[in-house]
Amino acid sequence: MDYPVTGLHHITACASGAQEDVDFFTQVVGQRLIKQTILFDGRYAHYHLYYANGKAEPGTVMTTFPYQRVKGRPGSGQIQATVYTVAKGTLTFWIDHLNKHRVVHRGIHERFGQNFVHFEHPSGLAIEVIEDPNEKRDGWVTPEIAHSESVRGFHGPLLSVREVEEEERFLIEACGFRKTGVDGAYHRFEIGTGGANKTLVLLHEPTKPSGSWGFGAGTAHHVALDVHDDEALAQQKGLFEELGYTDCSEIKDRNYFHSIYVRSPGGILVECAATAPGGFARDEPFGQLGTHLLLPPWFEHRRAEILGMLDPIRVPDWHAPLTAPATAASRRTDATFIPVEREAVAR
C-alpha cells in the first residue's frame, strides 16, 4: 500500500538556557535560526525556537523549548541522538570545530559503514554529524562553517528502545518503513529511497531505564514525520486507529504545520506533520526569518509583560533582517501566562 509518510519533518527537544541554545545551534551546529515564538500550550511563557537549513526545508528543522523549570530524565523510549548529515571527508573539520568551541566529543566512529562524530548540547542533548556522500541538500553558511562543511539536514534520529519487536512492527505496518539492516544493537529502517532524511535507527538497550516523557531540560520530546498535506494527515490518523493505536491525537493546528501525535510501543512520541500553506514564511518575510519574537497581534499590548518572563536572547549578527520586520500573525486567540520567579529560571 501507499503510505502517507514520506520522510522526516522536524525534531523537537527541550534545552535549558535560551541564549546557550541559540549559540549552540547557530554557531556550533551552524543552522539558521528561522523562528522565535512561544509555546502556546500551558500556563507559562516559554520560547519555542526553530532552526533549519538556509531554505527552511522540512527534514532540516530542529525545534527547541528552553525549559528550565524541570530537568528531564534521559532513558529508553526517547530520541537518543539527533543525527545530521555532512559531506564525506569533512569530519576532521568537525573535530577541529568542536575543539575550538570546547565541545566534548567522542572522536570518529562508524555505524552501518558511515563515519560519525557524537557530541553534546550544553543541556546534555546528544547530537551527531554523519558523513553521507549522497546528500544533495544545501546547508546554511556561517562565518565559521562553509557550505562544503555545513550540516545539510537530518539523516535520521537514533531512538532508544528496550524491546525492538513491537517498535519495528509500528514503523513498518503503521508508518511504511522497511528494515534495511542490523549493526550490533542498531536496527535501521528506511522509507522511500532511503538514506538522508528517510532513515530511523533503533538502538536496542534492554536494561536501560525508561526516560521521562514530558517537557524536561536535556531530553528530546518527539520526532515528526512528514506527510504531504491535510488529506494525507487524516489518512495517517485513520491508519493508526485501524491498527489499534487509538491514543492518536486529534489534528492540531501548529500555525506552520498541522499535526497528529501518537505514542509508539517503545515509548517514543511520534508526530506526523503536514506543512501549512506558506510554511515558516507565512507570518514573516523569508529574508527575516528568526530575527524577532513573534506574538499574535492581540498579545502585542502584553509584549513587555511576556518578554519579562523570558530570558533575553541575542540573535547572531549574520541573521540581521533585510528590511524592517512586519507584524506577526497567529490563529491563537487566548492564553493566560503565569510569571515564573526570575531566580527559579536563572542560568
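Residues numbered from 1 in each chain as written. Predicted model: local features only at pLDDT ≥ 70, side-chain atom pairs only at ≥ 80, totals over all residues. Heavy atoms only, no water.

S.K.: Teacher, can you tell me more about the sheet that holds strand 4 (residues 61-66) here?
M.R.: Hydrogen bonds between backbone atoms are what pair the strands of a sheet, whose relative direction is either parallel or antiparallel. Here we have eight strands laid out as an open sheet, ordered 2-3-4-1-14-17-16-15, and mixed in their pairing. The open sheet has two edge strands, strand 2 (32-38) and strand 15 (252-253), and neither has a second partner. Pairing geometry for strand 14 (residues 219-227) and strand 17 (residues 269-275), over five bridges, is parallel. Bridge pairing links alanine 224 to glutamate 271 in strand 17. (Pairing = 2+ DSSP bridges. Helix = DSSP H or I, 4+ residues; strand = E, 2+ residues; numbered from the N terminus.)

S.K.: I keep staring at the pattern of salt bridges and nothing clicks. Help me out?
M.R.: Side chains that carry opposite charge are capable of pairing whenever their charged atoms lie near each other. Applying the stated criterion across every chain, the model contains 13 salt bridges. A salt bridge links arginine 169 to glutamate 166; the shortest N-O distance between them is 3.6 Å. Of this pair, arginine 169 and glutamate 166 both sit in helix 3 (residues 165-174), three residues apart, which is roughly one turn of that helix. Residue arginine 169 is classed as partly exposed on the basis of its relative accessible area, which comes to 35%. Take glutamate 166: its relative accessible area is 38%, and that puts it in the partly exposed class. For lysine 237, the salt bridge identified is with glutamate 250, shortest N-O distance 3.6 Å. (Salt bridge = Lys/Arg side-chain N within 4 Å of Asp/Glu carboxyl O. Buried < 20%, exposed > 50% of the residue type's maximum accessible area, 1.4 Å probe, protein only.)

S.K.: In this structure, what is going on with the packing of aromatic side chains? I would like to understand it.
M.R.: Given two aromatic rings, one states the distance between the centres and the angle between the planes to describe the pair. Tallied over the full model, the rule gives 13 aromatic pairs. Where phenylalanine 24 meets phenylalanine 25, the ring centres are 5.3 Å apart and the plane angle is 85 degrees; that geometry is what we call edge-to-face. Comparing phenylalanine 24 with phenylalanine 25 shows no difference in burial state: the two are buried. Aromatic pair tyrosine 256 and phenylalanine 280: ring centres 5.7 Å apart, planes at 35 degrees, arrangement tilted. Placement of tyrosine 256 in the loop between strand 15 and strand 16 (257-263) and of phenylalanine 280 in the loop between strand 17 and helix 5 (303-307) is noted, with a sequence separation of 24 residues between them. Taking the relative accessible area as the measure of exposure, tyrosine 256 reaches 4% and is therefore buried. By relative accessible area, phenylalanine 280 is classed as buried at 6%. Three or more aromatic residues link up through ring pairs in this structure, and these residues are Phe24, Phe25, Tyr51 and Phe119. Note that arginine 263 overlies the ring of tryptophan 213, its terminal NZ or CZ placed 4.0 Å from the centroid. (Phe/Tyr/Trp six-rings, centres within 6.5 Å; stacked < 30°, edge-to-face > 60°. Lys NZ or Arg CZ within 6 Å of the ring centre and 35° of its normal.)

S.K.: Just checking my understanding: could you explain unusual backbone geometry for this structure?
M.R.: Excluding glycine, most residues fall at negative phi; most peptide bonds, likewise, are trans. Of note in the backbone geometry, asparagine 197 takes a positive phi value of approximately 70 degrees without being a glycine. Position of asparagine 197 relative to the elements: it lies in the loop between strand 12 (186-190) and strand 13 (199-204). Here asparagine 197 falls in the buried class, since its relative accessible area comes to 14%. In the Ramachandran plot, asparagine 255 falls in the positive-phi region, its phi being about 70 degrees despite a non-glycine side chain. As for its position among the elements, asparagine 255 is in the loop between strand 15 and strand 16. Look at asparagine 255 and you get buried, because its relative accessible area is 8%.

S.K.: So what exactly am I meant to see when it comes to the environment of serine 150 here?
M.R.: Mapping serine 150 onto the fold places it in the loop between strand 8 (126-131) and strand 9 (153-154). The buried category is assigned to serine 150, whose relative accessible area is 0%. C-alpha separation for the pair serine 150 and alanine 87, spaced 63 residues apart in sequence, amounts to 7.8 Å. Those residues in contact with serine 150 that lie beyond four places of it in its chain are Thr85, Val86, Gly139, Trp140 and Ile145. Within the structure, the side chain of serine 150 is placed 2.8 Å from the backbone oxygen of histidine 147, a separation counted as a polar contact. (Contact = heavy atoms within 4.5 Å. Polar contact = N/O pair within 3.5 Å; in protein donor to acceptor, adjacent residues only side chain to side chain.)

S.K.: Which parts of the structure should I look at to understand the side chain of threonine 63?
M.R.: Of note, threonine 63 is situated in strand 4. By relative accessible area, which is 1% here, threonine 63 ends up buried. Residue contacts for threonine 63: discarding those within four places in its chain leaves His10, Ile11, Thr12, Ala13, His48, Leu49 and Tyr50.

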